[in-house]
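Residue-level structural notes
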Amino acid sequence: MSNKEILWYLLKKKHINITLVNTVKIDNTALIKVEELSKNVGPQSMLSSNFDRKMYHYGTFPEGFSWGISSSAYQIEGGWNADGKGPSIWDTFTQTTNTIPDNANGNVACDSYNRLNEDLYMLRALRVKSYRFSLSWSRIFPDGTRKSLNQKGVDYYNRLIDGLIAHNIEPMVTLYHWDLPEALQKVNGWESAEMIDIFNDYCDFCFATFGDRVKFWITINQPQTIAWSGYGLGNMPPNVKDPGYGPYIVAHNLIKAHAKAYHTYDDKYRQSQGGLISIALNADWAEPKDVSVRREVVAADRAMQFQLGWFAHPIFKNGDYPDALKWQVGNKSEIQGLPQSRLPSFTEEEKNFIKGTADVFCVNHYTTKIVSHVTARLSPASYEYDWDFKEEEENDSPTTAIPNQKVVAWGLRRLLNWIKEEYGDPEIYITENGVATEAQTTWDDSARVFFYKAYIDEALKAYKVDGVTVKGYTATSLMDSFEWLNGYNVGFGLHHVDFSNPNRSRTPKYSAHFYYNIIKDNGFPLPDDEKQSLTKPSTTKNIKRLQMCLFVSRDQFPTRYSALRYWSQPA
Ligand code: BGC
């Protein structure tokens, strides 16, 4: 790659802060030099060797860093029709189709509706600072609207929120995590613009009811997943297979619904309640297949725009879709002989209404894809064919229990830098990050420990070395739960749940122990023995030892006994 090409790439992506530095701290001076360099030099990151990428960075996160853990209502609560709860589209889907392994459903799931104290116990034991959970809309409004209010549902969330506050755990509440009240699907769900007001009224109720204690609101979880899987591919409920139009119509409504809820909070509640509100957007990192080929770099940028920018650009930039989407979808629509683009457009008034409707940037991240340009087919019309890029798995990365979710930790650092540059240095919360292991994995989940060690360290590099404003990290998830289309075949939990036991007993895995320590240390401070070794002249042996620190040592592995001991002594 010539210098000119590197410069072009950096200007295009404004990736001046991305660099992979040699983070082995030989002494302080060396570290300072490396950090200064990173402010000006970027291309190392793009050209870094696999060895470099695996180097480890010691350090801690800023004071007050929000260490959290997540769940969502349908995945854990069960009690699908308890105490007046109305059905959601996920209840209907799982109870009437057989596409999920073992015909699994969330009827009981982790039974959190009846086991709230056990959930609180785990959270206390972990000493998390925040708990991200979602409200089941149809538990609160069984038919989706205020007139059907179910007080028992409200009571459940009041108990949960009070329990968290009593233990200094900040509730981070998602208003909508995919489980739309079935009754609203009968009026076409998110394909209908009527949903904007209906959603707003539900949010308004939640702000008024819980907002005295909830200071962190997330309107919608992963609108891109809702739009594409729910209304394009149709593999998730409401199973609408309309790939050319559905996703764009639905995204348009979701963006407006989010913006309206934001303004309601802003106008009616912010002053008295003083919280913040955002939306959780999903983003894989898209790495160009070849950074020296312009077309591949542009394709990777387009991949970022089609997944993340679709929502982030209107909300965080100018109220409108990214140019890449407007151009691609407009152009394809024209060649398809359509009178107008399948991508709807916002009026000027709508743009002004949407722009700036998030106080912080919340991103869910699981993996990285290698992206290259293709010229996709024209027919049938589809969001997927509008992309003109293809995705492949990263070769040199460990696999997980979900085939297309490889462990590519360095992608998180690049993603965070991209967000910083693209959206003007927002405060970033990683609101989901986690890895699937086989359901059989009980407490010995060293693969998950490896995952967290590597990913959190990349977030640390982004914060410490690159100057990205990373404010919080949320591990996914609190416990094994109903994993949507994967049923109970895989688990993301830091706690194992015995789904064959009516008590749904919960047991901390090795990763719970490990995460507890990260939280306690606020990151990865340099261990004392490493400090000592660094005061000695650097020998090849010392350096090797430091470089090897990504390998999980068996000595750190808690015995079953110590795992249980930790368990029996919560905060
Ligand atoms: C969802 C989570 C889920 C995770 C793993 C994310 O896209 O938001 O609810 O647990 O994927 O399946």
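Every chain's residues receive numbers from 1 upward, in the order its sequence appears when written. With the structure being a predicted model, the display of local features is reserved for residues of pLDDT at least 70 and the display and counting of side-chain atom pairs for 80 or more, all residues being used for whole-chain, interface and lining totals. Note that water and hydrogens are dropped before the side-chain values are worked out from all heavy atoms of the structure.

1. Things to note about unusual backbone geometry
For clarity, the threshold we go by: Segments assigned H or I by DSSP are reported as helices when at least four residues long, segments assigned E as strands when at least two residues long, and all are numbered from the N terminus.
Omega for the bond connecting Pro-237 with Pro-238 falls within 30 degrees of zero, at 15 degrees, which places this linkage in the cis form. Of note, Pro-238 is situated in the loop between helix 12 (223–231) and helix 13 (246–273). A cis amide bond, omega 10 degrees, links Thr-476 with the succeeding residue Ser-477. Its place among the elements puts Ser-477 in the loop between strand 13 (470–476) and strand 14 (490–491).

2. Brief notes about the confidence of the model for the protein
The criterion, for reference: Each residue carries a pLDDT score, the predictor's own confidence in it, on a scale running from 0 to 100. Residue contacts are counted whenever heavy atoms from the two residues lie within 4.5 Å of one another.
For the protein, the average pLDDT comes to 87, and 83% of its residues sit at 70 or higher. This stretch, residues 540–571, has a pLDDT under 50; its non-local contacts, to residues over four places away or in other chains, come to 61 contacts.

3. A few points about the side chain of Thr-476
Among the secondary structure elements, Thr-476 is positioned in strand 13. Other than its neighbours up to four places away in sequence, Thr-476 contacts Ser-70, Tyr-366, Thr-431, Glu-432, Asn-433, Gly-434, Val-435, Tyr-452 and Phe-492.

4. Examining the sheet that holds strand 10 (residues 389–392)
Hydrogen bonds between backbone atoms are what pair the strands of a sheet, whose relative direction is either parallel or antiparallel. Let me state the cut-off plainly: A pair of strands counts as paired when DSSP detects no fewer than two bridges linking them. Note on geometry: axes are C-alpha line fits, over the in-contact stretch for helices, and angles between N-to-C directions span 0 to 180 degrees.
With mixed pairing, three strands are arranged side by side in an open sheet as 7-9-10. Only two strands of the sheet have a single partner each, and these edge strands are strand 7 (285–288) and strand 10. Sheet twist, expressed as the mean angle between neighbouring strand axes with direction ignored, is 40 degrees. Across four bridges, the pairing between strand 7 and strand 9 (residues 368–373) is parallel.

5. Comments concerning the packing of helix 19 (residues 446–464) against helix 20 (residues 510–521)
Stated precisely, the cut-off is as follows: Working definition: roughly parallel below 35 degrees, roughly antiparallel above 145 degrees, roughly perpendicular at 65 to 115 degrees, and oblique for all remaining angles. The hand of a helix crossing depends on one turn: near helix anticlockwise from the far one by less than a right angle means left-handed, and clockwise means right-handed. Throughout, the ten residues Ala, Val, Leu, Ile, Met, Phe, Trp, Tyr, Cys and Pro are labelled nonpolar, Asp, Glu, Lys and Arg are labelled charged, and all others, Gly among them, are labelled polar.
For the pair helix 19 and helix 20, the least separation of the axes is 8 Å and the interaxial angle reads 25 degrees. In terms of orientation, helix 19 and helix 20 fall into the roughly parallel class. Classified by chirality, the crossing of helix 20 by helix 19 is right-handed. Here Ser-446, Arg-448, Val-449, Tyr-452, Lys-453 and Ile-456 of helix 19 lie close against helix 20, whose contacting residues are Tyr-510, Ser-511, Phe-514, Tyr-515 and Ile-518. Of the residues in the contact of helix 19 with helix 20, the class split is seven nonpolar, two polar and two charged.

6. Topic: the environment of Met-304
Along the polypeptide, Met-304 turns up in helix 14 (residues 294–318). As a C-alpha pair, Met-304 and Glu-287 span 17 residues in sequence and 9.4 Å in three-dimensional space. Among residues more than four places away in sequence, those in contact with Met-304 are Asp-284, Trp-285, Ala-286, Gly-309, Leu-415 and Trp-418.

7. Quick look at the UniProt feature "active site" (unreviewed entry) in the protein
Condition: UniProt positions are given in the numbering used here, feature names are shortened, and annotations may be inferred rather than shown by experiment.
In the numbering used here, UniProt assigns the "active site" (unreviewed entry) feature to Glu-432. Summarising the element assignment, Glu-432 is placed in strand 11 (residues 428–432). Setting aside its immediate chain neighbours within four residues, Glu-432 contacts Ser-70, Arg-132, His-177, Asn-221, Gln-222, Val-363, Asn-364, His-365, Tyr-366, Thr-474 and Thr-476.

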